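Architecture at a glance
Here are the chains, one letter per residue:
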Amino acid sequence: MVVRPDEVDAHQFERQVEQGRRELEQGSPETAATQLGEALELWSGAPFADVPPTQAVEAEAARLEACRAQAQEIRIEAQLRLGRHEAVLGELETLVAAHPLREGLRGKLMLALHRSGRRDDALAAYRDLRHVLIEELGVEPSPSLQELERQILNADAELLAKSAPADGRANAAPQSSEAKPRQLPHANTTFIGRDSEIAVLRQLLGDGDREAVAISTIHGTGGVGKSALTLHVAHRLADRFPDGQLYVDLHGVTEGLSPVAPGEVLCRFLTALGVERTAVPDNVDEAASMFRSLVADRRLLVVLDNAANVEQVRPLLPAGEGCAALITSREILATLEGATHMYLGVLFHDQATALLKQMVGAERVEAEPEAVDALIQMCGGLPLALRIIGARLAARPGWTLRSFTDRLADTQNRLDELRVGDLTVRASFHASYEASATASVPSTSTRRARSGSSGWCPGRT
């Protein structure tokens, strides 16, 4: 059988990747991104998936997968040079999770997060890599990655976002006072149900005739999907807030992390809106006043995820009637003035079944209805637990659903089974327990927030 190189998709892929690499080296990121995108579209699953495995087949499959990862990294580099940092965040987070030790990917994630106004998340990504490298290999991150961390800590002007003019070449574009941040994280692609809750939130936030800022709080137990619902709605209503969308994870109940102080969040918000870091007031009340004044005449959406209490949230709220705020919390924020409160419960049985079908495949789910019922009952309809089950079953096509119910039947080890990657039910429960145990003791950040002390803005001079 005689096959020309241009008739083999693998050969086409490698040729286009090389062309894209050359275009990037020659200073044409737009052309490079297009070439590499077309190359990656040639993929339709794992290489040699239907070929009996041999040593040669497995070696070639591994080589092609490595080429694919390299192509993705080069395309992301081209996108970053074009200033499309927010567009590549979701892909970067997925790639970093799949290749946790690749420092090049980690550096690009840090840069994209920093340019999206998520400085703390960028620094956390560096700390996570450093911890893994020290624990597993006994080495520190590379000098280039350490330098990137230093630049982020110092808010180095060289890290400002890039914009691409008509010729496709990237230039530095400093933010202005009319900056329009787009900070919403990637929404969950396997979102299921919640139709009535979505309708209520759309009506509340989409009402253009309201006379005050729209504030909605969503409360419920850990892992029930509050953040997923909030981001799902926020993305679909983003066009109604053309002046930007601000987002922050307040770490109200996050294992191993203290709640983020309001002053620190205000510093992030104000700099994302174009305020020079040195111009942000030290005092929390003054910073909150500056924030409200800056957005008073704008249509802006503020998403405050994982709030600890009302005191943490209140300084972060806009006051303009064109603005809106979505807040999630484990507890109801009953004393928050003017807010509409929504309790979020677990998924109904049909919604839970639909979620498993979407993640595992309808054929496997419909083939074992009794096992599906048992799985839903064992995890109490909790979306986080169902997503973990779905991810594990999707990664193991040879497993039956019944075999997984047998693994979950041991109640002593059930929480150990409900874990995949960085998703774990145990951490969510443990964080709730710790929060309950320390509820009567104000955190350091809360005490500082109440005192109005200075030093809120990291990197200030």
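The following refers to the structure shown. Please read these numbers as outputs of a predicted model, since none were measured by experiment.

Description of the overall build of the protein chain
Of regular secondary structure, the protein chain possesses 20 helices and 9 strands. Within the protein chain, the fraction of its 461 residues that count as buried is 47%. In the protein chain, the proportion of contacts linking residues at least 24 apart, taken out of those at least 6 apart, comes to 68%. Accessible surface for the protein chain amounts to roughly 22,800 Å². Of this, 50% is attributable to carbon and sulfur atoms.

Some thoughts on the pattern of salt bridges
A complete count under the given rule lists 20 salt bridges for this structure. For E18, the salt bridge goes to R21, with nearest N and O atoms at 3.4 Å. Taken together, the residues E18 and R21, both in helix α1 (residues 9-25) and 3 residues apart, mark about one turn of the helix. Among the residues examined, R21 registers a relative accessible area of 24% and is labelled partly exposed. Put simply, D120 and R268 hold a salt bridge, and the shortest N to O gap is 2.4 Å. Taken together, the positions of D120 in helix α6 (residues 119-136) and R268 in helix α10 (residues 262-272) put the pair 148 residues apart, joining distant regions of the chain. With a relative accessible area of 16%, R268 lands in the buried category.

Examining the side chain of Q183
By the element assignment, Q183 lies in the loop between β2 (171-172) and α8 (195-206). A polar contact is formed between the side chain of Q183 and the backbone oxygen of S116, at a distance of 3.5 Å. Polar side-chain contacts of Q183 include one of 3.1 Å to the backbone nitrogen of Y247. Those residues within four positions of Q183 in sequence are excluded, and the remaining contacts are E86, S116, G117, R118, Q245, L246, Y247, F269 and A272.

A word on the pairing of strand β5 (residues 301-307)
Across a regular strand the side chains alternate sides, sitting on one face of the sheet and then on the other. The buried count for β5 comes to 7 of 7 residues, which makes it a mostly enclosed element. Relative to β5, strand β4 (residues 245-249) runs parallel, the two being bridged by 5 bridges. What sits directly across from L246, in β5, is V302. Direction of pairing for β5 relative to strand β6 (residues 324-329): parallel, over a ladder of 5 bridges. Bridging across to β6, V303 finds its partner in L326.

Comments concerning empty space enclosed by the protein
Regions of empty space are outlined by a rolling probe, equal in size to a water molecule, passed over the atoms. Under the defined criterion, the tally for this structure stands at 1 cavity of 30 Å³ or more. In this structure, the largest cavity encloses a volume near 70 Å³. Every residue along the wall of the largest cavity is listed here: F191, I192, R194, V224, G225, A228, L347, L355, P383 and R387. Class assignment for the residues of the lining of the largest cavity results in 7 nonpolar, 1 polar and 2 charged.

Brief notes about the pairing of β6
Burial analysis of β6 places 6 of its 6 residues in the buried class, the great majority of the element. Alternating positions in β6 separate into two faces, A324, L326 and T328 on one and A325, I327 and S329 on the other, with burial throughout. The sheet contact formed by strand β3 (residues 214-219) and β6 spans 6 bridges and is parallel. Directly across from S216, in β6, lies its bridge partner L326.

Some remarks on helix α4 (residues 89-98)
Within α4, burial applies to L89, G90, L92, L95 and V96. On its buried face, α4 sits against α3 (55-81) and α5 (103-115).

Observations concerning the packing of helix α2 (residues 29-40) against α3
Helix-helix packing is characterised by the crossing angle of the two axes and by the distance between the axes. In the contact formed by α2 and α3, the axes pass within 9 Å of each other and the chain directions differ by 150°. When the interaxial angle is binned, α2 and α3 end up roughly antiparallel. By crossing handedness, the relation of α2 to α3 is classed as left-handed. Together, P29, A32, A33, L36, G37 and L40 of α2 and R68, A71, Q72, I74, R75, A78, Q79 and R81 of α3 make up the contact between the two elements. Per-class residue counts for the contact of α2 with α3 are 8 nonpolar, 3 polar and 3 charged.

What about the sheet that holds β4?
Strands belonging to one sheet form pairs held by backbone hydrogen bonds; the direction of such a pair is parallel or antiparallel. Within the open sheet, the 5 strands sit side by side as β4-β5-β6-β3-β7. Their pairing is parallel. What marks the edges here is a single partner per strand, and that holds for β4 and β7 (339-343). Direction aside, the axes of adjacent strands within the sheet are offset by 15° on average. The sheet strands contacting helix α9 (residues 226-236) are β3, β4, β5, β6 and β7, and the helix crosses β6 at an angle near 165°.

Comments concerning the nonpolar core
With 42 residues, the main nonpolar core has L229, L386, I389 and L401 as its most contacted residues. Considering each element in turn, this core owes the most residues, 5 residues, to α9. Sequence-distant contacts of L386, defined by excluding residues within four places in its chain, comprise L347, A352, L355, L356, M359, I376, C379 and G381. L270, L273, L304 and C323 belong to the second-largest nonpolar core, a separate cluster that totals 34 residues.

A word on the packing of aromatic side chains
Counting across every chain of the model gives 2 aromatic pairs. On the numbers, 5.6 Å between centres and 80° between planes, the contact of F13 with W43 is edge-to-face. Within this pair, whereas F13 is found in helix α1, its partner W43 is found in the loop between α2 and α3, the two being separated by 30 residues in sequence. For the pair F269 and F291, a centre-to-centre distance of 5.7 Å together with 35° between the ring planes defines the contact as tilted. You can see F269 sitting in helix α10 and its partner F291 sitting in helix α11 (residues 284-295), a full 22 residues away along the chain. When the ring centre of F241 is taken as origin, the NZ or CZ atom of R299, which lies over that ring, is 5.9 Å away.

Rules behind the numbers
- Residues numbered from 1 in each chain as written.
- Predicted model: local features only at pLDDT ≥ 70, side-chain atom pairs only at ≥ 80, totals over all residues.
- Heavy atoms only, no water.
- Helix = DSSP H or I, 4+ residues; strand = E, 2+ residues; numbered from the N terminus.
- Buried < 20%, exposed > 50% of the residue type's maximum accessible area, 1.4 Å probe, protein only.
- Contact = heavy atoms within 4.5 Å.
- Areas by Shrake-Rupley, 256 points an atom, 1.4 Å probe, with all protein chains shown as cover.
- Salt bridge = Lys/Arg side-chain N within 4 Å of Asp/Glu carboxyl O.
- Polar contact = N/O pair within 3.5 Å; in protein donor to acceptor, adjacent residues only side chain to side chain.
- Pairing = 2+ DSSP bridges.
- 1 Å grid on protein atoms, 1.4 Å probe; cavity = no way out; pocket = protein on both sides within 12 Å on 5 of 7 lines; lining within 4 Å.
- Points joined across faces, edges and corners; volume = space filled by probe spheres on them.
- Nonpolar A, V, L, I, M, F, W, Y, C, P; charged D, E, K, R; others polar.
- Axes fitted to C-alpha atoms, helices over the stretch in contact; angles between N-to-C directions.
- Parallel < 35°, antiparallel > 145°, perpendicular 65-115°, else oblique.
- Left-handed = near helix turned anticlockwise from the far one by under 90°.
- Core = buried A, V, L, I, M, F, W, Y, C linked by side-chain atoms within 4.5 Å.
- Phe/Tyr/Trp six-rings, centres within 6.5 Å; stacked < 30°, edge-to-face > 60°.
- Lys NZ or Arg CZ within 6 Å of the ring centre and 35° of its normal.

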